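Remarks on the overall topology
This is what each chain is made of:
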Amino acid sequence: MYKLAIIGSGGAGLAAALEAAGSTDDIILVTKTRIGSSNTALAQGGISVSFGIGDSEEAHYRDTLKCGHFRNVPRLARTMVKEGRSVLRWLESLGVLFDRDARGRYLLKHSLGATYPRLISCKDRTGAAMVKVLAEKVKALRIKILEDYPVCDIEKKKRCFVIRCVGKGPSAIEARNILLAAGGRCFAVALQKKVPTSNSREATGEVSGIARRLGARFVDYNSFQYHPLGWADPQPLRGRPIPESILSFGAEISGKDGVIRIDSMKQRGALSSLLLKEDRQGRSFTLKNGARAFQLNLKPALERYGEKVIANTFPGFLALCSAQGISIKDEPLFIFPTLHYQNGGIAIDERGRTKVPGIFAAGEITGGIHGTGRLMGNSLLDIICFGRRAGSSAVAGKRVYA
Ligand SMILES: Cc1cc2nc3c(=O)[nH]c(=O)nc-3n(C[C@H](O)[C@H](O)[C@H](O)COP(=O)(O)OP(=O)(O)OC[C@H]3O[C@@H](n4cnc5c(N)ncnc54)[C@H](O)[C@@H]3O)c2cc1C
């Protein structure tokens, strides 16, 4: 029997494993496919931490609550914001290299809904850069790692939990405590709703179902967030997001009636709702393949900042465009809101404890931190902050009770 079983190897699971391994090697990490394969690895824009001139933890906290429609659990949101700097320092101490200017200051981008620029990135591949470093560190630990182990059931016994999976792998794993870090379920929900999604195929949510059967409490479980800038065309990119921070560089969105004015204080959810409303009122374009779309015009951004700055800031996005033969100088892109994030989930406390003794949770599978709308960049912060907290409390002493 293991002291702790961690389910999922996105940012939350990996951060939890690293923290828990500081106390014991008696840990198993099980994950659906390959280690690090996750939504975290797809994250582009960056992580929100208040570093800019005039910015403060208080301003970040206020923006977080406003975006969450004040449904956030205040002490969770406060904890996340307060730990921003230590999360960043921890990631850097492991080897994540965030973008800085020639004088060594963080390059801060403005995100929708934020009062100050506070998005810190590794170009436009922040999640991949984080996962690479975290996964390397976890692989170097002396803990057991089981890949291709999609958990399908967890049974509660008197002294432990028994984990079962579909497919190959050990038929059962016993663990004293369990840490659920299996992410959200937007891929499955998008299939049901027949809408595009930005999420990885692994985001199917069966572990949330298991947690419910075990007695976990949920908050705002059916609240979701749409990303306003999903690709509508070409088909291979459909649903994938274009980094929203491109809007702060001056990119414009247009419908049939011309340019749609964007208030930079508008939150992501509000902008998506505006576009969906414009669409319902017949002001979107219909593409040859039947998909509805708006145009995203990057010319103003190129004129204002120059090609070099845009290329340097969004290399991943530009590589995608050139792979599809799209020239952002000559033609607009076609976008439509895409299902992006599960706002709610399993209720936790500041130590990642759930209502069920012995079960901990962290990351997108949880709820309460972001209320019913997440501020951009707050998820990468949340998964590391609460991943570490849950990892540490899940191996602390005896079973703990929430
Ligand atoms: C395209 C994209 C861009 C984004 N950009 C940003 C950004 O710039 N900034 C930001 O803050 N947030 C961003 N987000 C959101 C953020 O990346 C995620 O919310 C966050 O990374 C979730 O981390 P997680 O560890 O909780 O879950 P995930 O990273 O999704 O990891 C879940 C893990 O659990 C595993 N798993 C799932 N089911 C099972 C099972 N049954 N058995 C075993 N293992 C299982 C998965 O394989 C995976 O390894 C973005 C999301 C997407 C999709």
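Please read all numbers here as calculations on a predicted model, not as lab measurements.

Let's talk about the pairing of strand 8 (residues 161–165)
Regular strands place side chains that alternate from one sheet face to the opposite one. Burial along strand 8 is one-sided: the residues F161, I163 and C165 are buried and none of V162 and R164 is. Bridging between strand 7 (residues 151–156) and strand 8 involves five bridges; their strand directions are antiparallel. In the sheet register, E155 faces strand 8, and the bridge partner there is V162. Of the pairings in the sheet, the one linking strand 8 to strand 9 (residues 173–180) comprises three bridges and is antiparallel in character.

Structural notes on the site of the ligand
Residues in contact with the ligand amount to 45 residues; listed here are only the nearest, G8, G10, G45, G183 and G363. At the level of elements, helix 1 (11–20), helix 5 (126–139), helix 7 (206–214) and helix 12 (378–394) are the ones that each hand at least two residues to the shell around the ligand. Looking at the shell around the ligand, the element that brings in the most residues is helix 12, giving four residues. When the residues that make up the shell around the ligand are grouped by side-chain class, the tally is 18 nonpolar, 23 polar and four charged.

Focus: the nonpolar core
Membership of the largest hydrophobic core comes to 104 residues, with the highest contact counts inside it found for A5, I7, A17, L179, L180 and I335. Among the elements that line this core, the one with the most residues is helix 12, at eight residues. When we break this core down by domain, the ones giving at least three residues each are domain 1 (2–222 + 343–394) and domain 2 (229–338). Counting eight residues, the second largest nonpolar core, distinct from the first, contains F187, A190, A203 and L339.

Section: the sheet that holds strand 19 (residues 366–367)
Taken in spatial order, the three strands of this open sheet run 10-17-19, and their pairing is mixed. The open sheet has two edge strands, strand 10 (218–219) and strand 19, and neither has a second partner. Here strand 10 pairs with strand 17 (residues 345–347) via two bridges, running antiparallel. Directly across from V219, in strand 17, lies its bridge partner G345.

Section: the sheet that holds strand 5 (residues 119–120)
Taken together, the three strands give an open sheet; going across it, the order is 3-5-4, and neighbouring strands pair in antiparallel fashion. Each edge of the open sheet carries a strand with a single partner, namely strand 3 (47–48) and strand 4 (108–109). Strand direction decides the pairing type here: strand 3 and strand 5, joined by two bridges, are antiparallel. When the sheet's bridge partners are listed, I47 is paired in strand 5 with I120.

Overview of helix 1
With 10 of 10 residues buried, helix 1 lies mostly within the body of the structure. Turning to helix 1, its buried residues are G11, A12, G13, L14, A15, A16, A17, L18, E19 and A20.

As for the pairing of strand 9
Across the eight residues that make up strand 9, a large majority, six, are buried. Summarising the sheet, strand 1 (residues 2–7) and strand 9 pair through five bridges and their orientation is parallel. If you follow Y2 over to strand 9, its bridge partner there is A175. Strand direction decides the pairing type here: strand 9 and strand 18 (residues 359–361), joined by three bridges, are parallel. Note that in strand 18 the partner of L180 across the bridge is A361.

Quick notes on the environment of K139
The residue K139 is located in helix 5 in this model. C-beta crowding within 10 Å serves as the criterion here: with 13 such atoms nearby, K139 is assigned to the partly exposed category. Distance in space between the C-alpha atoms of K139 and L14 is 9.7 Å, their sequence separation being 125 residues. Setting aside its immediate chain neighbours within four residues, K139 contacts I35 and I145.

Details of the packing of helix 1 against helix 12
Put simply, helix 1 and helix 12 touch, their axes get as near as 7 Å, and they point 35 degrees apart. Read as a crossing pair, helix 1 and helix 12 show a hand that is right-handed. Of the residues in helix 12, those touching helix 1 at G11, A12, G13, A15, A16, A17, E19 and A20 are L380, I383, I384, F386, G387, R388, A390, G391, S392 and A394. Of the residues belonging to the contact of helix 1 with helix 12, the class tally is 11 nonpolar, five polar and two charged.

A few points about the domain arrangement of the protein chain
Each domain of the protein chain was delimited in the assignment, giving domain 1 (2–222 + 343–394) and domain 2 (229–338). When each unit is reduced to the centre of its C-alpha atoms, the spacing between domain 1 and domain 2 is 28 Å. Between domain 1 and domain 2, the contact holds 17 residues from the first and 24 residues from the second. Each residue belonging to the side of domain 1 that touches domain 2 can be placed in one class, and the counts come to five nonpolar, eight polar and four charged.

Considering the environment of T126
Looking at where T126 falls in the secondary structure, it is placed in helix 5. Residues T126 and I47, 79 residues apart in the sequence, show an inter-C-alpha distance of 7.8 Å. Apart from the residues lying within four places of it in its own chain, the contact partners of T126 are A43, Q44, G45, G46, I47, S121 and L380.

Considerations on the packing of helix 4 (residues 84–94) against helix 12
Orientation of helix 4 relative to helix 12, taken along the N-to-C sense of each, is 80 degrees, at an axis distance of 10 Å. Here helix 12 runs roughly perpendicular to helix 4, going by the angle between their axes. Contacts from G84, V87 and L91 in helix 4 reach L381, I384 and C385 in helix 12.

Reading the values: the criteria
- Residues numbered from 1 in each chain as written.
- Predicted model: local features only at pLDDT ≥ 70, side-chain atom pairs only at ≥ 80, totals over all residues.
- Buried ≥ 20, exposed ≤ 12 C-beta atoms within 10 Å, placed from the backbone.
- Helix = DSSP H or I, 4+ residues; strand = E, 2+ residues; numbered from the N terminus.
- Pairing = 2+ DSSP bridges.
- Near = placed C-beta within 6 Å.
- Nonpolar A, V, L, I, M, F, W, Y, C, P; charged D, E, K, R; others polar.
- Core = buried A, V, L, I, M, F, W, Y, C linked by C-beta atoms within 7 Å.
- Domains from an automatic or database assignment.
- Contact = placed C-beta atoms within 7 Å.
- Axes fitted to C-alpha atoms, helices over the stretch in contact; angles between N-to-C directions.
- Left-handed = near helix turned anticlockwise from the far one by under 90°.
- Parallel < 35°, antiparallel > 145°, perpendicular 65-115°, else oblique.

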